[in-house]
Amino acid sequence: MEGLTIAEAAALIAVIAGFIAIINGFIQIQEHREKQREQKLAAAKTSTPAALAANASNTPLAPTDSEPNPSDRARDQDETKPDSGNLSLPTGTVTFLFTDIEGSTRLVEQLRDEYAALLDEERRILREALNAHHGFLVDKEGDAFFMAFPRALDAVATAVDAQRALAAHSWNEGVNVRVRMGLHTGEPQLATSGYVGLDVHRAARISAAGHGGQVLLSQVTHDLVAQELPDDVSLRDLGEHRLKDLQRPEHIFQLVA
């Protein structure tokens, strides 16, 4: 500021300060807009009532599809919304059962308008097994079902009955409907929007790790039912596997019936 009078220097400093204030204000506006955008995205994600899951990673159990199942994407939520309120859903120790159809996108392409009838039949079979063993339908999205049970053995019985009925059913167009299922037992929180917590995610990841026709169990569920299974049902140890987004590996067992 050499050659400037004190008054001129003060004026120049004021101009610079004003310019800096304008820049800071612009930055704050942009940060506020970005925060609003992130909040809207988060709200859109958590508002979708869907069952949880995504394709498991680093495990030989999961089939590799060229296109992810839409129900898998929809299930990857932090919370689940009950099918009809949550006042009657079990609390405390709860066993979750997730199901979805393997290769559902291919079936849609193959059957076109006939796929809706197939989906109705699959849902009917699952509901009959669920109702026979005192289960609760928490949520459904596309071909995915999310169920809850106060007793782990009832969840296993539902999976066994459903898989047997699905295998015995005569499907139209000669298609083969293969449903993968996963069970895990925990103590989730029951919020107004449904079940919340890591146990929900773990159950969904276990289900997504399977092939169509498989029923997979976590270590916790295995320990609860292993000594009470009927003679025609057994468990096969598949070892530990890492599931997507979960830090702790899960010891997985396959139900054989």
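Residues numbered from 1 in each chain as written. Predicted model: local features only at pLDDT ≥ 70, side-chain atom pairs only at ≥ 80, totals over all residues. Heavy atoms only, no water.

**Some points on the pairing of strand β3 (residues 144-149)**
Across the six residues that make up β3, a large majority, six, are buried. Because side chains alternate across β3, one face comprises the buried residues Ala144, Phe146 and Ala148, and the other comprises Phe145, Met147 and Phe149, equally buried. Direction of pairing for strand β1 (residues 94-101) relative to β3: antiparallel, over a ladder of five bridges. Its bridge partner lying in β3, Leu97 is registered against Met147. Inspection of the sheet shows strand β2 (residues 136-141) paired to β3 by five bridges, in the antiparallel sense. Looking at β3, one finds that Lys140 is bridged to Phe145. (Buried < 20%, exposed > 50% of the residue type's maximum accessible area, 1.4 Å probe, protein only. Helix = DSSP H or I, 4+ residues; strand = E, 2+ residues; numbered from the N terminus. Pairing = 2+ DSSP bridges.)

**As for the environment of Val200**
Assignment of secondary structure puts Val200 in helix α6 (residues 198-208). Sequence separation between Val200 and Thr95 is 105 residues; the distance between their C-alpha atoms is 9.5 Å.

**As for the packing of aromatic side chains**
Under the criterion given, the structure shown has four aromatic pairs. Note on Phe96 and Phe146: the rings are 5.2 Å apart at their centroids and 65° apart in plane angle, and the pair reads as edge-to-face. Note that Phe96 is positioned in strand β1 and Phe146 in strand β3, a separation of 50 residues in sequence. Judged by relative accessible area, Phe146 falls into the buried class, the value being 0%. On the basis of an interplanar angle of 70° and a centroid distance of 4.9 Å, the ring pair of Phe96 and Tyr195 is categorised as edge-to-face. In this pair, Phe96 sits in strand β1 while Tyr195 sits in strand β6 (residues 194-196), placing the two residues 99 residues apart along the sequence. The same class applies to Phe96 and to Tyr195, which are both buried. The rings of Phe96, Phe98, Phe146 and Tyr195 are connected pair by pair, giving a single aromatic cluster. (Phe/Tyr/Trp six-rings, centres within 6.5 Å; stacked < 30°, edge-to-face > 60°.)

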